[in-house]
Amino acid sequence: MIGRLNHVAIATPDIAKAAAVYRDVLGAKVSAPVPQPDHGVMVVFVELPNTKIELLEPLSDASPIMGFLKKNPNGGLHHLCYEVEDIIAARDKLTAAGATVLGTGEPRIGAHGKPVIFLHPKDFVGTLVELEQA
Ligand code: CO
């Protein structure tokens, strides 16, 4: 059911420092920081030949990634995003299989203007999973 790896998201308390690591040490193509107030995060997009890395820094204490950073103060792998053809069909299949969709269960418009859902890490090998309609 899942298709391409759309992105890997890494949470960080210091997005400028994280962007510098990807740009200067790893030699990747790195965007300017983009505020996404609807999602409570500042995002830097790192373009790789086969996928993207998204560096996330909370915009405020109310940010959904704040709890993660409290547990992981130096930052770390936050979620993986897989593409699916039909997000409603994917959601219905996964909930029927016992997976937990976070939030209301309805898709939201994600960072790329496409519908997304998030799946609880307890059902997916300890990793928060985002599905994005391709
Ligand atoms: Co994401």
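Residues numbered from 1 in each chain as written. Predicted model: local features only at pLDDT ≥ 70, side-chain atom pairs only at ≥ 80, totals over all residues. Heavy atoms only, no water.

Asker: For the overall build of the protein, give the residues involved together with the corresponding values.
Answerer: Helices and strands together make up the secondary structure of the protein, namely three helices and nine strands. Beginning at the N terminus, the succession of helices and strands in the protein can be written as β-α-β-β-β-β-α-β-α-β-β-β. Here the protein has a C-alpha radius of gyration of 15 Å; the compact-globule value for 134 residues is 14 Å, and the two agree. In terms of overall dimensions, the protein has C-alpha extents of about 45 × 35 × 25 Å along its principal axes. (Helix = DSSP H or I, 4+ residues; strand = E, 2+ residues; numbered from the N terminus. Rg over C-alpha atoms; globule rule 2.2 N^0.38 Å.)

Asker: Before we move on, could you go through the pairing of strand β5 (residues 52-58) and cite the residues and values that matter?
Answerer: Most of β5 is tucked away, with six of its seven residues classed as buried. The pairing of strand β1 (residues 5-11) with β5 spans five bridges and is parallel. Opposite I10, over in β5, you have L55 as the bridge partner. In the sheet, strand β4 (residues 41-47) pairs with β5 via seven bridges, with the strands oriented antiparallel. The partner of V43 across the bridge, within β5, is L56. (Buried < 20%, exposed > 50% of the residue type's maximum accessible area, 1.4 Å probe, protein only. Pairing = 2+ DSSP bridges.)

Asker: So what about the coordination of the cobalt ion? Which residues, and what values?
Answerer: Distances from the cobalt ion to its protein donors, H7 (NE2), H79 (NE2) and E130 (OE), fall at 2.0 to 2.1 Å. Of note, the donors binding the cobalt ion are all from one chain and are spaced H-x71-H-x50-E. Of this pair, H79 sits in strand β6 (residues 76-84) while E130 sits in strand β9 (residues 128-133); the two residues are 51 residues apart in sequence, bridging distant segments of the chain. With respect to class, H79 is no different from E130; both count as buried. (Donors = N, O, S within 2.8 Å, 3.2 Å for Na, K, Ca; no water.)

Asker: Could you give me a rundown of a nonpolar patch on the surface, with the residues and numbers involved?
Answerer: On the surface, V21, V25 and L26 cluster together into a nonpolar patch covering about 290 Å² of accessible area. Within the secondary structure, V25 sits in helix α1 (residues 15-25). For V25, a relative accessible area of 65% translates into the label exposed. (Patch = residues over 30% accessible without salt bridge, like charges linked within 9 Å, V, L, I, M, F, W, Y side chains within 5 Å. Areas by Shrake-Rupley, 256 points an atom, 1.4 Å probe, with all protein chains shown as cover. Salt bridge = Lys/Arg side-chain N within 4 Å of Asp/Glu carboxyl O.)

Asker: Talk me through helix α3 (residues 87-96); I want residue IDs and the actual numbers.
Answerer: Turning to α3, its buried residues number three or more, namely I87, A90, R91 and L94. Down the axis of α3, the buried set is contained in an arc of 100 degrees. They therefore lie on one face. For α3, the exposed residues lying more than 90 degrees away from the buried face are K93 and A96. For α3, the elements touching its buried residues are β6, β8 (115-119) and β9. With a side-chain oxygen lying 3.0 Å from the backbone nitrogen of I88, the N-terminal cap of α3 falls on D86. Where α3 terminates, the next one or two residues include G98, which has phi positive at roughly 100 degrees. (Arc of directions from axis to C-beta. Contact = heavy atoms within 4.5 Å. Polar contact = N/O pair within 3.5 Å; in protein donor to acceptor, adjacent residues only side chain to side chain.)

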